[in-house]
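Listed below, chain by chain, are the residues.
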Number of protein chains: 2
Amino acid sequence: MARAIALACDGVDSNAGGPFGSVIVSNGRIIGEGVNRVTSTNDPTAHAEIVAIREACRTLDTFQLDGCVVYASCEPCPMCLGAIYWARADRIYIACTRDDAAAAGFDDEFIYEEIASPFEKRRIPIRQMMRDEGLRAFAAWNAKPDKIEY
Amino acid sequence: MARAIALACDGVDSNAGGPFGSVIVSNGRIIGEGVNRVTSTNDPTAHAEIVAIREACRTLDTFQLDGCVVYASCEPCPMCLGAIYWARADRIYIACTRDDAAAAGFDDEFIYEEIASPFEKRRIPIRQMMRDEGLRAFAAWNAKPDKIEY
């Protein structure tokens, strides 16, 4: 966690982006590190945890991080928490929380509220169209004999 | 949406990854496209919407997609919905839903449930440590005169 926090502070100093750092540990060894790079790389998905997960997956040559532990200087936002679930890490340690992030002007808590809201109450409207056509992609997937599930 | 669905079907055929496609539109023009590439690139974050958002941001040379519309062949998972909120797109159109994804074996609905659960009920445990040290990163951010907010 000390390393994740140091990355967060370094990222502020170096103008990488927001004050967030993360490391991924496997068998007591750091296999991925990330610092928020949203503004320096023009990538709104370049949060510390996303950057660290991508690096850890490159290190292990896999798309699954089972057995790994995520350290994050702040509670992951819904995007990053979703990424941790898709990577299927074992556990998460955090230093600060979404409330600390909100106090510093970050939208984490707002996005948590939006994701839990029904479509009709959301601030970014979401509408359905062409479901029958869309189901064709799932039909192709279900019929595919050599698919790699994740 | 027809293009997003075509990308989803193409991705299944070409073994890119799961059956999901997305496009980002600005002023009636496609500025980013994505197909799920999780298994082909060993990147659990390479969902169609994430890939499309990153491409759209490269196209516009920005980390914000205000004024843009997201078309997704299936309702975004929490990770991708979070990314759309961070990018601040204007609206979202979807063809299939999280229930259609669950019926095809994908964890979207499970992750929505986990994100809305209190820490102590989650399947991936989350614990807090070293908050005082973590707050130093926010203090550095708050004190930074030339920070770029996002």
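Structure: see above.
Heads up: these notes are all about the structure in this document. Only a predicted model underlies this, so the values are computations on that prediction, with no experimental measurement involved. (Residues numbered from 1 in each chain as written. Chains lettered and ligands numbered in written order. Predicted model: local features only at pLDDT ≥ 70, side-chain atom pairs only at ≥ 80, totals over all residues. Heavy atoms only, no water.)

1. Remarks on the pairing of strand β3 (residues 68-74) of chain A
Residues and elements named next belong to chain A.
Right, on to step 1. Most of β3 is tucked away: seven of the seven residues are buried.
Right, on to step 2. Taken together, the five bridges between strand β1 (residues 21-26) and β3 define a ladder with antiparallel strand orientation. The residue of β3 that forms the bridge with Ile24 is Val70.
Right, on to step 3. Strand direction decides the pairing type here: β3 and strand β4 (residues 91-96), joined by five bridges, are parallel. Bridged to Ala72 within β4 is Ile94. (Buried < 20%, exposed > 50% of the residue type's maximum accessible area, 1.4 Å probe, protein only. Helix = DSSP H or I, 4+ residues; strand = E, 2+ residues; numbered from the N terminus. Pairing = 2+ DSSP bridges.)

2. Some details on helix α1 (residues 2-13) of chain A
Right, on to step 1. In a regular helix each residue adds 1.5 Å, so twelve residues correspond to 16 Å; α1 of chain A covers 17 Å between its end C-alpha atoms and thus fits that length.
Right, on to step 2. Of the residues making up α1 of chain A, those classed as buried are Ala4, Ile5, Leu7, Ala8, Gly11 and Val12 of chain A. Within α1 of chain A, the buried residues cover an arc of 155° as seen down the axis, which keeps them to one side. In this structure, α1 of chain A carries Ala2 and Asp13 of chain A as exposed residues pointing more than 90 degrees from its buried face.
Right, on to step 3. Structurally, α1 of chain A contributes buried residues whose contacts are with β1, β2 (29-35), β3 and β4 of chain A together with α7 (131-143) of chain B.
Right, on to step 4. Just beyond α1 of chain A, the residue with positive phi is Asn15 of chain A, at close to 60°. (Expected span 1.5 Å × (residues − 1). Arc of directions from axis to C-beta. Contact = heavy atoms within 4.5 Å.)

3. A short note on the relation of the copies chain B and chain A
Right, on to step 1. You can overlay chain B on chain A at an RMSD of 0.0 Å; the transform is a turn of 180° with a shift of 0.0 Å along its axis. One copy is carried onto the other by what is essentially a two-fold rotation axis. Scanning chain B for the C-alpha nearest the rotation axis identifies Met79 of chain B, at a separation of 1.8 Å.
Right, on to step 2. Looking at chain B, 100% of its interface residues are interface residues in chain A too, so the copies touch through the same face. (Least-squares fit on C-alpha atoms with pLDDT ≥ 70 in both.)

Read these as layout, nothing more, since geometry by itself doesn't imply function.
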